[in-house]
Amino acid sequence: MKVPAVYMMASGIQGTLYIGVTSDLVLRVWQHREGVVDGFTERFGVKRLVWYELHGSMQAAIAREKSLKKWNRAWKVRLIEEGNLAWQDLWDEICE
């Protein structure tokens, strides 16, 4: 899926959140899940894709990521739960 995307990963239901941006969502989520890259997600066990949004350009995706990172946790949780109430891992969805 080589399309600019903003995504949120979680360590579990109501767990630690991570927001990122990528041009290849499948590859990037795989990297988080497998712990290939050292950093926040590896350290805190953030491996579940709970929300994502595709964009027409990388510039738009980066702007959205920066905006979301300023949101408080309650707003982020609400955004996740609007489309994924059970905080299910969306990995299979993006791999189809």
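Quick notes on the rules
Sequence order as written defines residue numbering, which begins from 1 separately in each chain. With the structure being a predicted model, the display of local features is reserved for residues of pLDDT at least 70 and the display and counting of side-chain atom pairs for 80 or more, all residues being used for whole-chain, interface and lining totals. Where side-chain values are given, they derive from all heavy atoms of the structure, hydrogens and water being excluded. By convention, a stacked pair of Phe, Tyr or Trp rings (six-membered ring in the case of Trp) has centres within 6.5 Å and planes under 30 degrees apart, an edge-to-face pair has planes over 60 apart, and any other such pair is tilted. Counting from the N terminus, the helices are the DSSP runs of H or I reaching at least four residues and the strands are the DSSP runs of E reaching at least two. Exposure categories follow from relative accessible area, calculated using a 1.4 Å probe and restricted to protein chains: below 20% of the type maximum is buried, above 50% is exposed, and the middle band is partly exposed. Two strands pair under a simple rule: DSSP has to find at least two bridges between them. Between N-to-C directions, angles span 0 to 180 degrees; the directions come from axes that are lines fitted to C-alpha atoms, helices contributing only their stretch in contact. For this analysis, residues touch if any pair of their heavy atoms sits within 4.5 Å.

Asks: Would you explain the packing of aromatic side chains in this entry?
Replies: The way to describe two aromatic rings as a pair is by their centre distance and the angle between their planes. Applying the stated criterion to the full structure yields four aromatic pairs. Centre to centre, the rings of Phe-40 and Phe-44 are 4.7 Å apart; their planes meet at 40°, and the pair counts as tilted. Taken together, the residues Phe-40 and Phe-44, both in helix α2 (residues 40-44) and four residues apart, mark about one turn of the helix. Its relative accessible area of 31% is what places Phe-40 among the partly exposed residues. Within the aromatic cluster, the residues linked to one another by ring pairs are Tyr-7, Tyr-18, Phe-40 and Phe-44.

Asks: So what exactly am I meant to see when it comes to the sheet that holds strand β3 (residues 48-54) here?
Replies: Each strand in a sheet pairs with its neighbour through backbone hydrogen bonds, running either in the same direction (parallel) or in the opposite one (antiparallel). Spatially, β2-β1-β3 is the arrangement adopted by the three strands of the open sheet, whose pairing is antiparallel. Strand pairing shows two members of the sheet lacking a second neighbour, β2 (17-22) and β3, which therefore form its edges. Strand-to-strand twist in this sheet, taken as the mean axis angle between neighbours without regard to direction, amounts to 20°. As paired strands, strand β1 (residues 5-10) and β3 are joined by six bridges and run antiparallel to one another. Bridge pairing links Ala-5 to Leu-54 in β3. Along the sheet face, helix α3 (residues 58-70) touches β1, β2 and β3 and points at about 165° away from the line of β2. Against the sheet, helix α4 (residues 73-83) contacts β1, β2 and β3, and its axis sits at roughly 65° relative to β2.

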